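Listed below are the residues making up each chain.
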Amino acid sequence: MSVQGEAPIPATLIPGDGIGPEIVEATAMVLSVLGARFDWETCSAGLAGMKEFGDPLPQATLDSIHRTKLALKGPLETPVGGGYRSSNVRLREEFKLYANVRPAKTLIPGGRYDDIDLVLLRENNEGLYVGFEHYIPIDGDPHGVAMATGINTRAGCRRIAEYAFEYALKNGRKKVTIVHKANIMKALTGLFLETTLEVAKKYAGRIECDQRIVDACAMQLVLNPWQFDVIVTTNLFGDILSDEIAGLVGGLGMVPGANIGEDAAIFEAVHGSAPDIAGKGIANPTALLLAAAMMLDHIDRRDLAQRLRTGIDRVINEDRVRTRDLGGSASTKEYTAALIRRVAA
Ligand code: NAD
């Protein structure tokens, strides 16, 4: 597939909520200057979908992704406690996006941790994220008891494990660490561990494999993150550890994510809609830009992806144009303008 000099590639663009429209606009501009020609179908979801169509995941958005099979998405707001179910989770279910790929790499040297280069692979469709929850009333209290059910299937565990080892091979990685809680959740994450260890045997001698209990892994990530290379884990643990890992490389503004399925792929930042800074023009678009670079890799335009990553590196480290979350003072627009100068050169 090509995005330069040939017909533009149809893709769905979801501006999202909060800072979403600001960082999506910035990213689309940079992609255009880079020469990555996408034929964007702009669609809404999340709070924006609720406002426009009374639905956090409007049918038109689903239809668009079914057509294009490729999307770049801003963060979507999900109400805490009650309200509608997460549109992100629904999108991952609808398109069976079973692998969530979150690479974290140090871009700014001299921080608390230098030379971080690790990838978190999170199972994206199962576990405690399936949302089978209910209350049992007791003594007149409708919320007397709360229950949640987690579901892992052997097929689902095998699929993410195979993805992890294949990813490691293709990307020149040396080791996969399986993260679980099989000492306590013996069935739910025991199955994940058992199945992933089975898959690991096929890669013996090519990819090293070890395992950690999730709480120990969380501590090890702070004490010695360099011991990790690729981490593969279940849905909820992956969610939590990926934010921790973002903290190792300068925060949530720096980590991209790809949701990969057999028939579709959706690219996004790891962070949320950042309502505290929405509309202020100070959001860091780097995570979404790096997600766009992953999208370019996905469509086999590694040349453009590399130019984009190099441009980001030069803006941050040579031009020293940085947004506030990175200790700088640049607005989203100033940072974007600096990057456009770099990728256009
Ligand atoms: P958040 O990631 O939105 O924000 C956490 C903190 O990081 C905030 O202080 C925010 O200002 C800062 N931050 C995040 N991204 C930034 C950026 N690009 N530049 C500068 N600072 C940035 O997490 P939250 O506040 O817990 O969640 C807000 C909403 O986002 C919730 O509704 C949540 O459900 C949703 N969310 C969506 C996604 C997604 O769409 N993939 C992911 C996580 C959270």
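Before any of the text, the structure's been laid out above.
Just so you know, these numbers come straight off a predicted model, no measurement behind them. (Residues numbered from 1 in each chain as written. Predicted model: local features only at pLDDT ≥ 70, side-chain atom pairs only at ≥ 80, totals over all residues. Heavy atoms only, no water.)

Focus: the site of the ligand
Around the ligand, the structure places 21 residues, and the nearest of them are Leu-76, Gly-272, Ala-274, Asp-276 and Asn-284. His-271 has a polar side-chain atom sitting 3.2 Å from a nitrogen atom of the ligand. Taking Ser-273, its main chain carries an N or O atom lying 3.0 Å from an oxygen atom of the ligand. Its residues assigned to classes, the shell around the ligand shows nine nonpolar, seven polar and five charged. (Near = heavy atom within 4 Å. Polar contact = N/O pair within 3.5 Å; in protein donor to acceptor, adjacent residues only side chain to side chain. Nonpolar A, V, L, I, M, F, W, Y, C, P; charged D, E, K, R; others polar.)

Examining the sheet that holds strand β5 (residues 117–123)
The strand order β2-β1-β3-β12-β11-β4-β5-β10-β8-β9 describes an open sheet built from ten strands, whose pairing is mixed. Every other strand in the sheet has two partners, leaving β2 (38–42) and β9 (208–213) as the edge strands with one partner each. Taking each pair of neighbouring strands and ignoring which way they run, the sheet shows an average axis angle of 25°. For strand β4 (residues 99–105) and β5, the ladder comprises seven bridges, and the chain directions are antiparallel. Counted as the bridge partner of Ala-104 is Leu-118 from β5. Against the sheet, helix α6 (residues 188–201) touches β8 (175–180), β9 and β10 (230–233), its axis set at about 165° to β8. (Pairing = 2+ DSSP bridges. Helix = DSSP H or I, 4+ residues; strand = E, 2+ residues; numbered from the N terminus. Axes fitted to C-alpha atoms, helices over the stretch in contact; angles between N-to-C directions. Contact = heavy atoms within 4.5 Å.)

Concerning the nonpolar core
Side chains that are nonpolar tend, in soluble globular proteins, to be buried together. Among the nonpolar cores identified, the biggest contains 88 residues, and Leu-31, Phe-38, Leu-221, Phe-267, Leu-296, Leu-308 and Ile-312 are the most heavily contacted of them. Broken down by element, the residue count for this core peaks at nine residues, all from helix α9 (residues 286–298). With sequence-adjacent residues up to four places away left out, Leu-221 is seen in contact with Leu-118, Phe-228, Ile-231, Leu-241, Glu-244, Ile-245 and Leu-248. With 13 residues, the next largest nonpolar core counts Leu-57, Ala-71, Phe-95 and Leu-97 among its residues. (Core = buried A, V, L, I, M, F, W, Y, C linked by side-chain atoms within 4.5 Å. Buried < 20%, exposed > 50% of the residue type's maximum accessible area, 1.4 Å probe, protein only.)

Looking at the pairing of strand β3 (residues 70–73)
Residues of β3 alternate between two faces, with Leu-70 and Leu-72 on one and Ala-71 and Lys-73 on the opposite face, all of them buried. Sheet analysis places β3 next to strand β12 (residues 265–269), joined by four bridges and oriented parallel. Bridging from a neighbouring strand, Leu-72 pairs with Phe-267 of β12.

Describing the pairing of strand β6 (residues 127–138)
Bridge analysis of β6 against strand β7 (residues 141–151) gives seven bridges, and the strand direction is antiparallel. Note that in β7 the partner of Gly-127 across the bridge is Ile-151. The turn joining β6 and β7, which pair antiparallel and follow one another in sequence, is formed by two residues; a positive phi near 50° is taken by Asp-139.

Notes on the pattern of salt bridges
Under the definition given, this model contains 18 salt bridges. With a closest N to O distance of 2.7 Å, Glu-41 and Arg-67 form a salt bridge. Of this pair, Glu-41 sits in strand β2 while Arg-67 sits in helix α3 (residues 59–68), placing them 26 residues apart in sequence. Through salt bridges with shared partners, a single network forms among Arg-314, Glu-318, Asp-319 and Arg-342. (Salt bridge = Lys/Arg side-chain N within 4 Å of Asp/Glu carboxyl O.)

A closer look at the packing of aromatic side chains
Aromatic ring pairs are reported here in terms of the distance separating the ring centres and the angle at which the planes meet. For the structure on display, the rule yields five aromatic pairs. For the pair Tyr-113 and Trp-226, a centre-to-centre distance of 6.0 Å together with 50° between the ring planes defines the contact as tilted. Remark: Trp-226 occurs in the loop between α7 (214–223) and β10 and Tyr-113 occurs in the loop between β4 and β5; sequence separation between them is 113 residues. The exposure class of Trp-226 is partly exposed, given its relative accessible area of 45%. Here the aromatic residues Tyr-98, Tyr-163 and Tyr-167 are joined through ring pairs into a cluster of three or more. A cation over an aromatic ring shows up here: Arg-122 above the ring of Tyr-129, its NZ or CZ 4.9 Å from the ring centre. (Phe/Tyr/Trp six-rings, centres within 6.5 Å; stacked < 30°, edge-to-face > 60°. Lys NZ or Arg CZ within 6 Å of the ring centre and 35° of its normal.)

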